[in-house]
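Chains, contacts and geometry: an overview
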Amino acid sequence: MKRLLLIAVLLCATTFSAVADKGMWLPSLIASRIKDMKAKGFKLSAEDIYSINKASLKDAVVLFDGGCTGEIVSEKGLLLTNHHCGYDAIQALSTVEHDYLTNGFWAKSISEELPCPGLKVHILVRMEEVTERIAAGESAKEIIAKAEAEGIGYKAKVESMYYGNIHYLFIYREFSDVRLVGTPPSAIGKFGADNDNWIWPRHTGDFSVFRIYANEANEPAEYSAQNKPYKPARHFKVSTAGVKEGDFTMIYGFPGNTQEYITSDAVRYISELSDPTKIALRTERLNIIGAAQATSPKIRLQYAAKHANIANAWKKWQGEVKGINRLGTVDKKLAYEERFRRDNPDKAYLLDSLAAAYERNKEGYFNYELYSETIRGIELQQVVTIAFADAPIEKKMAAAELFYKDFVMDVDRKLAIAMLTEYEAKGTFISPELKSLFNMHGGAKGYAEWLYDNTKLGSLEGFSVEAAMNDPMTEFVMALQPILKRIRPYTYRNFSNIPDIERWFRPYVKALMEWDTKRAFFPDANLTLRVAYGKVAGYEYADGEYHLPQTTLEGIMEKDNPEIYDYNIPQSLRDVYATKDYGRWGVTMNGKYTVPVCFIATNHTTGGNSGSPVLNGNGELIGINFDRTWLSTMSDIEFDETLCRNIICDIRYVLFVMDKVGGAGWLIEEMGL
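No experiment lies behind these values; they were computed from the predicted model shown. Residue indices follow the written sequence of each chain, beginning from 1 at its first position. Confidence filtering applies because this is a predicted model: local features only for residues at pLDDT of at least 70, side-chain atom pairs given and counted only at 80 or more, and all residues used for totals across whole chains, interfaces and linings. Hydrogens and water molecules were not included; the side-chain quantities draw on all heavy atoms of the structure.

Glancing now at the overall build of the protein chain. Going along the chain from the N terminus, every DSSP run of H or I of four or more residues is numbered as a helix, and every run of E of two or more is numbered as a strand. Assigned secondary structure in the protein chain consists of 26 helices and 22 strands. With the radius of gyration taken over C-alpha atoms, the globule rule is written as 2.2 Å times the number of residues to the power 0.38. For 673 residues, the compact-globule formula gives about 26 Å, and the C-alpha radius of gyration of the protein chain, at 25 Å, lands near that figure. Residue burial in the protein chain is summarised as follows: out of 673 residues, 60% are buried. Should any heavy atoms of two residues lie within 4.5 Å, those residues are considered in contact. Counted over contacts in the protein chain with a minimum sequence separation of 6, partners at least 24 positions apart contribute 76%. In these tables, accessible area is a Shrake-Rupley quantity obtained with a 1.4 Å probe, and a residue counts as shielded only by the protein chains included in the view. Put simply, the protein chain shows about 27,000 Å² of open surface, and 53% of that area lies on carbon and sulfur atoms. The average position of the 78 basic charges and that of the 88 acidic charges among the side chains of the protein chain differ by 4 Å. Per-residue accessibility, obtained with a 1.4 Å probe over protein chains only, is compared with the maximum for each type, and a residue is labelled buried under 20%, exposed over 50%, and partly exposed between these values. Under the counting rule used here, the positive set is Lys and Arg, the negative set is Asp and Glu, and His together with the chain ends is not counted. To locate a charge, take atom NZ for lysine, CZ for arginine, CG for aspartate or CD for glutamate.

Expected helix span is given by 1.5 Å per residue-to-residue step, counting one fewer step than there are residues. Helix length check: helix α21 (residues 472-487), at 16 residues, gives a terminal C-alpha distance of 23 Å against a target of 22 Å (1.5 Å per residue), a fit within 8%. Largest kink in α21: about 30 degrees, centred on Gln481, with the proline Pro482 one to four residues after it. Along α21, the residues classified as buried are Pro472, Met473, Thr474, Phe476, Val477, Ala479, Leu480, Ile483 and Ile487. In this structure, the buried side of α21 is in contact with α14 (348-373), α15 (382-387), α17 (409-426), α18 (432-440), α19 (444-454) and α20 (465-469). Polar contact criterion, stated in full: a pair of N or O atoms within 3.5 Å, where within protein one must be able to donate a hydrogen and the other to accept it, and residues adjacent in sequence count only if both atoms are side-chain atoms. With a side-chain oxygen positioned 2.9 Å from the backbone nitrogen of Met473, the residue opening α21 is Asp471. Here the bend at a residue means the angle between the axes of two seven-residue stretches, the one that ends at it and the one that starts at it.

What follows is about the environment of Ala305. Along the chain, the position of Ala305 falls in helix α12 (residues 304-327). Overall, Ala305 belongs to the buried group, its relative accessible area being 6%. Measuring from C-alpha to C-alpha, the distance between Ala305 and Glu222 comes to 26 Å, with 83 residues separating the pair along the chain.

With that settled, consider α17. Residue pairs spaced three or four apart in an α-helix point in one direction, given the helix's 3.6 residues per turn. When the terminal C-alpha atoms of α17 are compared, their 25 Å separation across 18 residues agrees well with the 26 Å that a helix rising 1.5 Å per residue should span. Within α17, burial applies to Val411, Asp412, Leu415, Ala416, Ile417, Ala418, Met419, Leu420, Glu422 and Tyr423. Where the residues of α17 are buried, they touch α10 (264-293), α14, α18, α19 and α21.

Its place among the elements puts Thr204 in the loop between α9 (193-196) and β10 (208-214). Of the polar contacts made by the side chain of Thr204, one reaches the side chain of Arg202; its length is 3.0 Å. What Thr204 contacts, discounting residues up to four positions off in sequence, is Ile188, Gly189, Lys190, Phe191, Val597, Cys598, Phe626 and Cys649.

Counting buried residues along strand β8 (residues 166-175), 9 of its 10 residues qualify, which places the element largely inside the surrounding structure. Where strand β6 (residues 121-129) lies against β8, 8 bridges are found, and the strand directions are antiparallel. When the sheet's bridge partners are listed, Glu129 is paired in β8 with Tyr168. Each pair of strands is called paired provided DSSP finds at least two bridges between the two strands. Two elements, strand β7 (residues 154-161) and β8, share 8 bridges in a ladder whose sense is antiparallel. Residue pairing in the sheet places Val158 in a bridge with Leu169 of β8. A loop of 4 residues connects β7 with β8, the two strands running antiparallel in sequence, and Tyr162 in this loop sits at a positive phi of about 55 degrees.

Direction vectors running N to C along α14 and helix α22 (residues 499-515) enclose 155 degrees, while the axes themselves pass 9 Å from each other. Between α14 and α22, the interaxial angle falls into the category roughly antiparallel. At the point where α14 passes α22, the crossing takes the left-handed sense. Along the contact surface, α14 presents Tyr349, Leu350, Leu351, Ser353, Leu354, Ala357, Tyr358, Arg360 and Asn361, while α22 presents Asp500, Ile501, Trp504, Phe505, Pro507, Tyr508 and Ala511. Side-chain classes follow a simple rule in which Ala, Val, Leu, Ile, Met, Phe, Trp, Tyr, Cys and Pro form the nonpolar group, Asp, Glu, Lys and Arg form the charged group, and the remainder, Gly included, forms the polar group. Tallied by class, the residues present in the contact of α14 with α22 amount to 12 nonpolar, 2 polar and 2 charged. Helix axes are fitted only over the stretch in contact, all axes being lines through C-alpha atoms; the angle between N-to-C directions runs from 0 to 180 degrees. Note that the term roughly parallel is reserved for angles under 35 degrees, roughly antiparallel for angles over 145, roughly perpendicular for angles of 65 to 115, and oblique for everything else. For any helix crossing, the convention is left-handed if the near helix is rotated counterclockwise from the far helix by under a right angle, and right-handed if that rotation is clockwise.

Attention now goes to the sheet that holds strand β16 (residues 550-552). Strand order across the open sheet formed by 7 strands is β13-β12-β20-β21-β22-β19-β16, with antiparallel pairing between neighbours. Strand pairing shows two members of the sheet lacking a second neighbour, β13 (530-535) and β16, which therefore form its edges. Neighbour-to-neighbour, the strand axes of this sheet turn through a mean angle of 30 degrees, independent of strand direction. Strand contacts of helix α25 (residues 651-661): β16, β19 (596-601), β21 (621-628) and β22 (646-650), with the helix running at about 40 degrees to β22, the strand carrying the most contacts.

Okay, the packing of α18 against α21 next. It is at 7 Å that the axes of α18 and α21 come closest, and there the two elements cross at 135 degrees. Considering the angle they form, α18 stands oblique to α21. Between α18 and α21, the residues in contact are Glu433, Leu434 and Leu437 and Glu475, Phe476, Ala479, Leu480, Pro482 and Ile483, respectively.

Among the 5 residues in strand β2 (residues 68-72), 5 count as buried, and that is most of the element. Burial along β2 is two-sided: Cys68, Gly70 and Ile72 and Thr69 and Glu71, pointing in opposite directions, are all buried. The hairpin turn running from strand β1 (residues 61-64) into β2, its antiparallel successor, is 3 residues long, and Asp65 in that turn takes a positive phi close to 55 degrees. Pairing between β2 and strand β3 (residues 78-81): 2 bridges, direction antiparallel. Paired with Glu71 across the two strands is Leu80, which belongs to β3. Following β2, the chain reverses through 5 residues before pairing antiparallel with β3; Gly77 in that reversal takes a positive phi of roughly 70 degrees.

Attention shifts here to unusual backbone geometry. Cis geometry is found at the peptide bond from Trp200 to Pro201, where omega equals 5 degrees. Of note, Pro201 is situated in the loop between α9 and β10. In the Ramachandran plot, Tyr162 falls in the positive-phi region, its phi being about 55 degrees despite a non-glycine side chain. Within the secondary structure, Tyr162 sits in the loop between β7 and β8. With phi around 70 degrees, Trp198 is a residue other than glycine that occupies positive phi space.

Printed below as a string of structure tokens:
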């Protein structure tokens, strides 16, 4: 009965029409939002979005490489995602001789597509609520095992929603034969790089093209030359009609992490301690890596993906702090909590208990984050793990060879000196073993210098299991084990997910739903499939500074600079611009004949939504989501429709680059255009 009452509360909350374009909704429950979606311009049904009885839009969406989204756009498993989502795979295939990051790559036929070892995509089969099964005593492990036995290549997860008030089972098909079909040069796919990251106006062609392969029976299979392009149950139709301000937009993807319901205690921790510390540490790491990359094309390539991965969150956290402060989120949370206390005096203890739990766990969680940002940034310790792995020597040597391919000893030495020095200064969980090593060499800096002077594991030639046995790098790794044991209770994605804190969030969120009946409650993002919808919209960035919702090729040409790597566009793009040979992709906008590049909308997105299909009211693909504006990054905590915008690569620019830069017209034909 209690569960039925909770479900009724959830349905009541989710059927209330939100004022803002806010929320990340479970597709299986999207019928509760369809009336509001239709009022804003959506023309399909809830079953068109999600169905287990017939092919639906969900069958064309994939979880890409465990942290992004992609969309299937042809009957032959052709897949679009972001350039930055495919970045690791593209970088792994690149060499100085075949630098696909810098120069791009376009297969001229299916036979030229490049296998991507280790790259996997997942397609949702179905989701179902399993709250009752878990309440009856069935474990998540048992539920997953039963689900995975249902089909070939099935993988399953049980995820909690609303801090454990409800549980869902997600069943996927896992495809491990994924091949690179095409990617633009980095100066298009990563145009502007860190300078433009999280910024609007934006001119980045952030897309790459892959293909899913399956066996003769169209089932998931390991890579084989005999595999065939996957035949999906559904693929997205592409629309080249374009967008205008006010048009309906829908995102269908796998958002990774939001914290909509955290209290003021958590927001204060994020904005005053956690984010500032991580920003400062990553600034040091980026400075060291960036200086090394400037000295050599080889090092630039070796550390390209690493630099990009570090920089992405680094800049996001800066925008998050600015957004939280600009919106006054802490004060808003405090006021909301005070109203809850006033209206629910018998439940005020929940907020007191949460505050006490945060205080108990703050030191531990900070040390976990500090360790992640400092010690884990030291790469060479990974070879110790490789050396002592329970695997045949051939596999160990192959793993070592892959590691050293993108490793530079001098760069890692500088990172180790900087990060161990920071860890010594800020950490309170330092083990006696590590303190002893520091003391023997006059502190962390002296120890790091000694460590890198004396290790024999700095190159592939020096690597062996025997060498690792008595190497000082192994001694270092062993000294870290007590620290790892101590921070293990705090190794959760969010501060609020620590069990000692979450146990109070479960009744608190339930109480919020029962009390605030006019609020549209949606489950926090957790890398499960969600629908978000909104509209194309410009916005006022600052007082009197209004930004239009669309950018064009002219903006690229204004930034073009052959002397700056990230703004040095391909000569072929300059040539096309000079002749205005835009073909079918040219449009007239604001009195100029041009090509649309990017647009922004009010969809509620976060990390994981990178690569998500952006759809119009007919469910047709109009763009590929790839970013948010800088001050929108606080939308993981507080969404503000006047400020929050997601950034989308216009599908017309994607097709233009394929055609006029990549010469890959065969892919456009395959999409049915």
